[in-house]
Amino acid sequence: MRRGALLLIALSVSWLALSPAGASVPRSIDRDGLPRLILWAWERPTDLRSLDDGIGVAFLSQTLIVRHGSVEVLPRRNPLRVAADTPLVAVTRIESGDAGAATLSPATTSAMAAAIAGTASLPRVRGVQIDFDAAGSERAFYRALVLAVRQAIGPDLPLSITALASWCAQDRWMAGLPVDEAVPMLFRLGPLNDPYAGIARSPSAAAAECRGALGTSLDEPLRIRAAGRRVYVFNASPWTPASVTRAREVLE
Amino acid sequence: MSGAWRRGFMWCLAVAATGTAALACGPFFIELLTVKHSSPADRAGYARGELGVVKPSFERRYLVQAYRTLGGVAPMAPDDRPAGAAASGDKPPFQRWRDLQARELPAAVTQTLKPVGTDRIAADYSSFVNCLAPGFEQALAAHAERVTRFGARSRDVIDWLTAQAAVFQNCAGGPLVLPAPAEAGSDARARADRDYQIAAAYFYATQYDEAAGRFRAIAANTASPWRASGRYLAARALIRSVTVPSTRPKDALQRFAAAERELQATIADRDAAPLHTSARGLLDLVAARARPIERLHELSARLATAPTVAPRDLVDYTWLMDRALGETAAGTPPMDLAAVTKGDDLTDWIVATQKHQARALERWQETRSERWLVAALWTAGARDTAVPALLAAAAQVPQASPAFATTAFLRIRLLIQRNDLAGARAALAPLPDAPGPGFSAETINLLRAARFTVAATPDDLLAAAPRVVVRAESEGGSEPPGKFGKPVWDDDVAAVFNSRMPLERLVAAAESTRLPARLRLRVAQAAFTRAVLLERPQAGARAARVVASLAPSLRGDLGRYIAATDDAARRRIATLTLLRTPGLSINVGGRDTDESYGRDTPSRQFGHAFPRNWWCGVEAGAGDGAARLLVSDGVPFPPFITEAERRDTASEVDALAGIGSPRAYLTAAAIQWATERRADPDAAEALALAIDGWRWSRCQADPPKSDLPPRAFALLHRQFPQNEWATKTKYWYD
């Protein structure tokens, strides 16, 4: 369903307006059950209990560190407090120095996939996201990992990956990955903003995999136009009611 | 996201420093610092009490050291000591336990077990190390003892092992798993073991109140071999009952108080001697949590005066200070600063110094101590009425004092900020210009920055320009300078040459032999490039002679430039020289990286991995080196630069900015050249280099689209179809 789903996401606004079934789905929620606006909650104590309806939280649940052919799992250390009905996406960050993931064994890859899939069983988690800036030589590994994760979590749970902006522009290699969305990270790009500004303005400027969502940061000067896409927002500072309001403005 | 953020941030820093666009992440360079703000540049010397210039931006542990040293207290032990004993080749206890379970337990038991973990995920998605290494070590030792006593395959040992495996099932989460009760008729020892295991299961299952009660019961059982650890473990359960839940319980203080009673009882129990050190550590932990300000003051008193200091005390103190000042990842609000500093001179001194509080001046006036003189000098405004008294006091600090380097520098700094340049020069005159006792390399760099700022003549300025590398910083950390021993520049020097001097002064500086050759070449090449752009052929020829003498690879081109007999020919060879030499720039280049440090002549090839070709605007930023400590609003003009020269400088900088990006300027020049001289083969080379250079020299301010590359490409292939440069140039780039 993956690529078809991306198309559906792009068309969802008009579809919802016509469909009686869709009429019961709030505008802020996509058909995969995840909101249009999702806040990234990274490794710091985070209290988002007062978050409005229709905003989700993608929280760092663990970091997998690849080193010398093995993998160390660093679980989240800081509390995340959210309301009972806040949709959650469990994020796994993968860090590999010197492209070390390229040479991991199939058994290690399977273990990593199991660890990632395991986050789906955390309470209230409605989706899984992988954050990995894979080097060129690590792409075969990453593809195998994503396939294994998809197999483990099944076809229905949303699977998201973050993507370097270049993956969604000229360096397209993600075609065929069994993911529901690839999130181009349109922040901290420095002077390279201009080449990627097209993606920020319009989904059609991005590779097909990247048209359903995008990632930005509250302190990012690059202006984005959501155009029906899901927006993930990073905040380098602790989330506060004021910064949540600013994140909402990003979507609007 | 954090990983991408960190990578992107480093990348952006590098880009911001050059103003040049890059096409990919990395490579990452080693930054060669001449001033280190967050920690002492010479940490070993600092730890011996050779403070150099103490900065408010230092991490607080270094300010504790400064406070001690300034007050005549022995320095704390060096902080560059080894991180600890080398790890043994043994597997971690957790893994050894896991292996033991797999090896020794019956298959029927292991099949029912979840994989053993150490970390438990709480309801708030956070995790903590629930089962620590000592717990596994103790279990391994207990197993070994029972094997010795009963035999590895005995029923007693298998029962004990099965029960212990159940205990560790609680480590990684899930519902409570309890060991089976001791079998009827089992002996007292086995029953005591089982009581202990059940209490431990509750503990690891985070049912702390139940665990504490059971451990207390064990403590009361004089027949139990675990009696002596009962109260200690009850204390640990009570502490965890406060620290593990994400919401602090309302009776947290009572729980901490109960834990303290258990720990005191443990320390009073001779049978619990092996636990006494740990119990004392837990008492300190409880104190920090339950009475943070009181504990802060306890630690402060010890850190300020004790002849020796436990490393943990310093860690605890800085941890508490982070919380007191609200500098935490969670963004917790600061505590009441008056309470934090009350009656605590060390904390008061650190807060006043770092927060630039007027209190520093008050305290200096009260104490007249060198400690508070340093704090007051850092925090005083140039126009404060107390400044003359501060300056007088700073002038009286003896050279043997550990405060001397700091007070001398801050005195000069204040004089500069008060525009008393003659006073600053007089204060600088007796101070050394090379490292020696009491004057670290960084201190000399700072004094040179001051000398550079107040230089009365061009020679003085050039003499004060070179600096030395004091730290080499990379993603892997910060190191002493090592192999980077050649003189370098700080950004304050580059900013003055780039934006506070007219071309004639730059040429004169290039012609002077005051500067080391590699730095002189930096000035000369900038002077040459500016002269070309500003169409000042005489200045260009003078600068070209210097560049040619220092950079042999450019001699051919520059010789033709110098020998050119008409302006048009000179412009053409200048254009070609710039196109052939992407290392030429209108800027002299400031703080070095390992990459720029290793480049002694302007590059003759386009950089691809991390393009630093030509330039992107005039680099006038004062940077993050010495200027951050000396001036607040950009670098000033050197005092000897006249008003007329200042106007000339501004005009030149405007003109250079008006030229736009070098790739557009050079491509347009190449097109004009080829249009005017249709048979000139050098024009073909110029077009080809312009087309290639376009790709590798994008600036942030460039418009997204330009017709120059396709025009140059079409012209090259239409006009010079057989030329080798046309053959080599297969594409043009946006």
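Residues numbered from 1 in each chain as written. Chains lettered and ligands numbered in written order. Predicted model: local features only at pLDDT ≥ 70, side-chain atom pairs only at ≥ 80, totals over all residues.

(A) Summary view of the domain arrangement of chain B. Segmenting chain B into domains produces domain 1 (93–300) and domain 2 (662–728). A C-alpha centroid distance of 76 Å is found between domain 1 of chain B and domain 2 of chain B. (Domains from an automatic or database assignment.)

(B) Geometry of the packing of helix H25 (residues 503–511) of chain B against helix H26 (residues 517–533) of chain B. Residue and element names in this part refer to chain B. Two elements in contact, H25 and H26, have axes whose closest approach is 8 Å; the angle formed by their N-to-C orientations is 145°. Between H25 and H26 the crossing geometry is left-handed. Residues Leu503, Leu506, Val507, Ala509 and Ala510 of H25 form the contact with H26, whose participating residues are Arg520, Val523, Ala524, Ala526, Ala527, Arg530 and Ala531. (Axes fitted to C-alpha atoms, helices over the stretch in contact; angles between N-to-C directions. Helix = DSSP H or I, 4+ residues; strand = E, 2+ residues; numbered from the N terminus. Left-handed = near helix turned anticlockwise from the far one by under 90°. Contact = placed C-beta atoms within 7 Å.)

(C) View of helix H8 (residues 188–204) of chain B. Residue and element names in this part refer to chain B. The end-to-end C-alpha distance of H8, which contains 17 residues, comes to 24 Å, matching closely the 24 Å that a straight helix rising 1.5 Å per residue would cover. For H8, the buried fraction is high: 12 of the 17 residues fall into the buried class. Those residues of H8 that fall on the buried side of the exposure criterion are Asp193, Arg194, Asp195, Tyr196, Gln197, Ile198, Ala199, Ala200, Ala201, Tyr202, Phe203 and Tyr204. Elements in contact with the buried residues of H8: helix H7 (155–168), helix H9 (208–220) and helix H10 (227–243). In the segment just after H8, threonine 206 is the residue with positive phi, at about 65°. (Expected span 1.5 Å × (residues − 1). Buried ≥ 20, exposed ≤ 12 C-beta atoms within 10 Å, placed from the backbone.)

(D) Highlighting helix H27 (residues 537–550) of chain B. All names here are of chain B. Taking 1.5 Å of rise per residue, the 14 residues of H27 would be expected to cover 20 Å, and the 20 Å separating its terminal C-alpha atoms lies within 8% of that figure. Along H27, the residues classified as buried are Ala539, Gly540, Arg542, Ala543, Ala544, Val546, Val547, Ala548 and Leu550. Elements that come into contact with the buried residues of H27 comprise H25, H26 and helix H28 (555–563).

(E) A look at the confidence of the model for chain A. All names here are of chain A. Looking at chain A as a whole, the pLDDT averages 84, with 86% of positions reaching at least 70. Ranking the elements of chain A by mean pLDDT puts helix H1 (residues 2–18) last with 35 and strand S7 (residues 125–131) first with 97. Below a pLDDT of 50 lies the segment residues 1–26, which in the model reaches 27 contacts outside its immediate sequence neighbourhood of four places, other chains included. (pLDDT = per-residue confidence, 0-100.)

(F) Expanded view of the environment of lysine 342 of chain B. Residue and element names in this part refer to chain B. By secondary structure assignment, the location of lysine 342 is in the loop between helix H15 (337–341) and helix H16 (345–354). Since 12 C-beta atoms lie within 10 Å of it, lysine 342 is described here as exposed. Measuring from C-alpha to C-alpha, the distance between lysine 342 and leucine 629 comes to 29 Å, with 287 residues separating the pair along the chain.

(G) Up close: the nonpolar core. Residues Ala527, Ala543, Val547 and Leu687 of chain B are the most contacted members of the largest nonpolar core, which totals 150 residues. Sorting elements by how many residues they give to this core places H26 of chain B first, with 10 residues. When sequence neighbours within four positions are dropped, the list of residues in contact with alanine 543 of chain B reads Val507, Ala510, Ala524, Ala527, Phe528 and Ala531 of chain B. Core analysis: the next-biggest nonpolar cluster, separate from the first, contains 72 residues, Ile94, Ile130, Tyr196 and Ala206 of chain A among them. (Core = buried A, V, L, I, M, F, W, Y, C linked by C-beta atoms within 7 Å.)

(H) Looking closely at the environment of threonine 406 of chain B. Residues and elements named next belong to chain B. The residue threonine 406 is located in helix H20 (residues 404–417) in this model. Looking at threonine 406, the number of C-beta atoms within 10 Å reads 26, which means it is buried. In contact with threonine 406, other than residues within four places in its own chain, are Leu51, Val53, Val54 and Val374.

(I) The sheet that holds strand S4 (residues 471–474) of chain B, seen in detail. Residues and elements named next belong to chain B. Strand order in the open sheet made by the 3 strands is S1-S4-S5, with antiparallel pairing throughout. Looking at the sheet topology across the chains shown, the edges are occupied by strand S1 (31–33) and strand S5 (477–479). Looking at each pair of strands side by side, their axes are set apart by 25° on average, direction ignored. For S4 and S5, the ladder comprises 3 bridges, and the chain directions are antiparallel. If you follow serine 474 over to S5, its bridge partner there is glycine 477. (Pairing = 2+ DSSP bridges.)

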